[in-house]
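Reading the structure
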Amino acid sequence: MALLRAEGVWKVFPARRGEVVVALRDFSLQVAENEFVSIIGPSGCGKSTFLHLVAGLDTSTRGEIWFDGRPIEGPGADRGMVFQSYTLYPWLTVRENVRFALQKSNLARPEQEVLVDEYLSLVGLRDFENAHPYQLSGGMRQRVAIARALVYRPRLLLMDEPFGALDAQTRRLMQELLLNIWETHRTTVLFVTHDVEEALLLSDRIYVMTARPGTIKGEIKVPFERPRHTELETTPDFVELRRQLLEWIRSEVQW
Amino acid sequence: MAAERHTPRKKRSSWLELRGEISPSLYVAAGGSLIGILFLLWWVVTGLGLVSPIFLPSPSAVGQEFVRQVREGILWQDVSASVYRITVGWLISTLFAVPIGILMGNFRFFEGLFEPLIDLVRYMPAVAFVPLTILWAGVGDTQKFIILFIGTFFQEVLMIMDNVKTVPYEMIQVSYTFGLNKWEALRKVVLPAAMPGIWDTFRITLGWAWTYLVVAELVAANVGLGYRIMRAQRFLQTESIILGILVIGALGLLTDYAFKLGYRRMFYWVERK
């Protein structure tokens, strides 16, 4: 059974002069447990809107989203989210930021500290635990955000273009880091991006979206074996699949 | 080619580049010099007797007036009266502005409830309320508190609303994903994130409050810096007027500096653009 299942979801926003914007139209997808699934689509196609619905930060106009067999009724610690913008709390240190996410858990303080240690090590930031966000680079900030979203061990990690604001080199390092984390932890991930290579490198499956109205045009399975590394992007199979995917997007989908 | 490379480039006026940085010492020296030059001008103009002392007394006359007022305890009396009024008046205004501004910044309902009224009163000059407030409350401290409230609150509350609104919504949304409810998000995310901006609002509104206080004291008071200035005008004691203005300026500068120092201590984590 799928961990996440969306059936015929619509999201309509009111616009000026009584008009409406259809952000999502008849949107359906499924994510199985321990699967890494990406949604790719152009800016403004509604892919972030869908992620917000799954996080429970917004409600759909029509249609159902089921998580773990129950309809989503608001945010909860069973789903973690990493945003594109830097959302660390600047008045807290790196360590305090990660611990902030555990305040509603029933864990005692010493157990919380153990978890914080574990996840700071996972993203390689133990040495920066007492730094404040203003002292960190963009990549380090997103590493803290990932640690913070994983530390309370959600069943589903939602990532909304988490590396979109980073430079190319840093993005590559972050992709490598995420691959490592995912291949050891296997947390279910729903990842939103407009970067075809990023989606191919990270995902088990990819949904392709169009804009206005946002709807799913199709999906592809990514056949590459794991563990994967960023060098995968230079292999002929990868290049060929990327070419096919781009070709398909160009012909089927008017971006 | 090589020769060309070693030719020194035409020296640019590096201190006059668009948005160019200059050394901190030059920065401080420039500001200090201007004040120094103006002071020197004042000294020369009055020393040469170019202006009648009734219009502009010499720096030394103002200095002597300062010594006299300190010795007779007048200055201390006026300063403490004015500082007391501004502190209480500003605190009352802030006590209302902070919670109402926070409500307005977070809940559209409270913004809709308060904003029309606030916008209306905001454009009524506080100074115009002086006669009315004297009718209501006489010429004592209470009347000064009312004027300070009218002058400060309506601007302060809107600024605090804006401070709250600048907190990125994603910061709040993230806290929801950790399981916080809206009140916890308000207390643990919105308030700490808005604090630096609110602190700056405190600093700015306190500066404005000085203007309203002095206006209120000029019209009706029996002690205070504004009162001293008004009284001096009646007796053509121009040096006392100038002294009063300088003292108010110095007190304003001092509080401003104290708030800036507090900001640097408390909000060192704020990202500088």
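Residues numbered from 1 in each chain as written. Chains lettered and ligands numbered in written order. Predicted model: local features only at pLDDT ≥ 70, side-chain atom pairs only at ≥ 80, totals over all residues.

So, the sheet that holds strand 4 (residues 62-67) of chain A
Residue and element names in this part refer to chain A. Note the cut-off: Strand pairing requires that DSSP identify at least two bridges connecting the strands. The helix count covers DSSP runs of H or I at least four residues long, the strand count covers runs of E at least two residues long, and both are numbered beginning at the N terminus.
The strand order across the open sheet built from four strands is 2-1-4-5, with neighbouring strands paired in antiparallel fashion. The sheet is open, and its two edges are formed by strand 2 (20-31) and strand 5 (70-71), each paired on a single side. Where strand 4 lies against strand 5, two bridges are found, and the strand directions are antiparallel. Paired with Trp66 across the strands is Pro71, a residue of strand 5.

Focus on unusual backbone geometry
All names here are of chain A. With omega at 0°, the peptide bond leading from Arg226 into Pro227 counts as cis. The phi angle at Asp68 is positive, at roughly 55°, despite the residue not being glycine. Turning to its location among the elements, Asp68 is positioned in the loop between strand 4 and strand 5. Positive phi, close to 50°, is recorded for Arg153, a residue that is not glycine. The topology assignment puts Arg153 in the loop between helix 4 (138-150) and strand 7 (156-160).

Considerations on the confidence of the model for chain A
Worth spelling out the cut-off: The predictor attaches a confidence to each residue, called pLDDT, with possible values from 0 through 100.
Averaged over chain A, the pLDDT score is 92; the fraction of residues at 70 or greater is 98%. At the low end of the mean pLDDT range in chain A sits helix 7 (residues 236-252) of chain A, at 88; at the high end sits helix 2 (residues 94-100) of chain A, at 97.

Here we look at the sheet that holds strand 7 of chain A
Picture the strands of a sheet paired through backbone hydrogen bonds; they go either parallel or antiparallel. Residue and element names in this part refer to chain A. This is how it is decided: Only the stretch in contact is used when fitting a helix axis, every axis being a line fitted to C-alpha atoms; angles between N-to-C directions are given from 0 to 180 degrees. Placing a C-beta atom from the backbone of each residue, one calls two residues in contact when those atoms lie within 7 Å.
The six strands lie next to each other as 6-7-8-3-9-10, forming an open sheet whose pairing is mixed. Two strands in the sheet have a free side with no partner beyond their single neighbour: strand 6 (79-82) and strand 10 (215-221). Averaged over all adjacent pairs, the angle separating strand axes in this sheet is 20°, with direction ignored. Alignment of strand 7 against strand 8 (residues 188-193), held across five bridges, turns out to be parallel. Among the inter-strand pairings, Leu158 is bridged to a residue of strand 8, identified as Leu190. Where helix 4 meets the sheet, its contacts fall on strand 6 and strand 7, and the angle it forms with strand 6 comes to roughly 175°.

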